[in-house]
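Chain by chain, the residues run as shown.
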Amino acid sequence: MARSRDGVEIAYEAHGDVANPAVVLVHGWAGNRTYWRHQIDPLAAKYYVVALDLGGHGRSGVGRKDWHLPAFGDDVVAVVDELGLGKVALVGHSMGGDAIVFAATQLGARVAGMVWVDTLRSLGDEPVSTPEMIDAFAAPFRENFAAAVDGFARSLFLADADSALVDHVAADMAGAPQDAAVGSIGYALNRHPPLIAALKEISAPLVAINPDVSPTDVASFQAHGIETVVVAGVGHFLMLEDPGKFNPVLIGSLKAFGGFER
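Residues numbered from 1 in each chain as written. Predicted model: local features only at pLDDT ≥ 70, side-chain atom pairs only at ≥ 80, totals over all residues. Heavy atoms only, no water.

### Here's the deal with the layout of surface pockets
Here comes step 1: By volume, the largest pocket amounts to about 600 Å³.
Here comes step 2: In terms of lining, the largest pocket is formed by 29 residues, of which the most central are Ser94, Thr119, Phe152, Arg191 and His236.
Here comes step 3: A breakdown of the residues in the lining of the largest pocket according to their chemical character gives 15 nonpolar, 10 polar and 4 charged.
Here comes step 4: Approximately 160 Å³ is the volume found for the second largest pocket.
Here comes step 5: As for the second largest pocket, its lining consists of Ala30, Gly31, Asn32, Arg33, Thr34, Asp53, Gly58, Arg59, Asp172, Gly175, Ala176 and Pro177.
Here comes step 6: Across the lining of the second largest pocket, the residue classes break down as 3 nonpolar, 5 polar and 4 charged. (1 Å grid on protein atoms, 1.4 Å probe; cavity = no way out; pocket = protein on both sides within 12 Å on 5 of 7 lines; lining within 4 Å. Points joined across faces, edges and corners; volume = space filled by probe spheres on them. Nonpolar A, V, L, I, M, F, W, Y, C, P; charged D, E, K, R; others polar.)

In structure tokens, the structure reads:
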């Protein structure tokens, strides 16, 4: 266990040769490190691979006063520091993409590059959500967490997705610790301004790997120096739905980072 800045314990696992460049895998909202299970072995053949549970998720601790997104960045930093890692590549799925950006602002030159896995489809103008709109968005998750998360999780898959996988992910997310999930869901809105501000502090390259389930605003990413790769025939959980298609894209993105050419 590592310990985040506010004292929350952060669970993680590490695989591969510690002498190799390190790749840190960060899951999304209401997920956990097992969502990277199809990436561990292929990556560990080339890199030192670390998968962690963000605070309030998986086997990590709870009790945080405010589950804001920069705090999840602190969780990533805690694990990187606990392991004494030098150069790292940070990979974040969905909300995990926010976490790695906020982590990178602290880690500085130690970050060789970052990969977003369906974190955003656009980084352009975002309508501002009022406190009332945020409250209305979060209300179903407060009132009936399991039902709201189940429906939300299922909506992230394509209609022809593997039903057993859909059922597993929906049940897993619906069973996530509610403290962090409910406490952070409101931060899904109004994400762009703090992310854009944080990106301005980071010199490391960033690649966004997105599904083609809806259009990606490539131009808005390019305006912030972000390279985009679109993967066809998958939904939000690219790494689980089609690892045979996703893994080569991820590894190809990592190879472009300085020191990660393997």
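### Digging into the pattern of salt bridges
Once their charged atoms are close, side chains differing in charge can pair, the charge on each being opposite to the other.
Here comes step 1: The final tally for this structure, using the stated rule, is 13 salt bridges.
Here comes step 2: The salt bridge involving Arg191 is made with Asp98; its shortest N-O contact spans 2.5 Å. In this pair, Arg191 sits in the loop between α7 (178-185) and α8 (192-199) while Asp98 sits in helix α3 (residues 95-107), placing the two residues 93 residues apart along the sequence. Each of the two residues, Arg191 as well as Asp98, counts as buried.
Here comes step 3: With a shortest N-O distance of 2.9 Å, Arg142 and Asp135 are connected by a salt bridge.
Here comes step 4: Linked through salt bridges whose partners overlap, the residues forming this network are Asp6, Arg64 and Asp75. (Salt bridge = Lys/Arg side-chain N within 4 Å of Asp/Glu carboxyl O. Helix = DSSP H or I, 4+ residues; strand = E, 2+ residues; numbered from the N terminus. Buried < 20%, exposed > 50% of the residue type's maximum accessible area, 1.4 Å probe, protein only.)

### A short note on helix α4 (residues 131-143)
Here comes step 1: Its 13 residues give α4 an end-to-end C-alpha distance of 18 Å, which sits within 8% of 18 Å, the value for a rise of 1.5 Å per residue.
Here comes step 2: Bending of α4 peaks at approximately 30 degrees at the position of Phe137, with proline Pro140 no more than four residues after it.
Here comes step 3: Buried residues belonging to α4 abut α5 (145-155) and α7. (Expected span 1.5 Å × (residues − 1). Bend = angle between axes of the 7 residues up to and from the residue. Contact = heavy atoms within 4.5 Å.)

### What to know about the packing of α4 against α5
Here comes step 1: It is the contact of α4 with α5, at a shortest axis distance of 5 Å, that shows an interaxial angle of 120 degrees. The angle between α4 and α5 falls in the class oblique. Residues Pro140, Phe141 and Glu143 of α4 form the contact with α5, whose own contacting residues are Phe145, Ala148, Val149 and Phe152.
Here comes step 2: In terms of residue class, the contact of α4 with α5 is made up of 6 nonpolar, no polar and 1 charged. (Axes fitted to C-alpha atoms, helices over the stretch in contact; angles between N-to-C directions. Parallel < 35°, antiparallel > 145°, perpendicular 65-115°, else oblique.)

### Digging into the packing of aromatic side chains
Here comes step 1: Tallied over the full model, the rule gives 9 aromatic pairs.
Here comes step 2: Consider the rings of Phe157 and Phe237, whose centres lie 5.2 Å apart with planes at 20 degrees: the pair is stacked. Of the two residues, Phe157 sits in the loop between α5 and α6 (163-174) while Phe237 sits in the loop between β9 (226-231) and α10 (238-241), which places them 80 residues apart along the sequence.
Here comes step 3: An aromatic cluster is defined as three or more aromatic residues linked by ring pairs; in this entry it consists of Trp29, Phe137, Phe141 and Phe152. (Phe/Tyr/Trp six-rings, centres within 6.5 Å; stacked < 30°, edge-to-face > 60°.)

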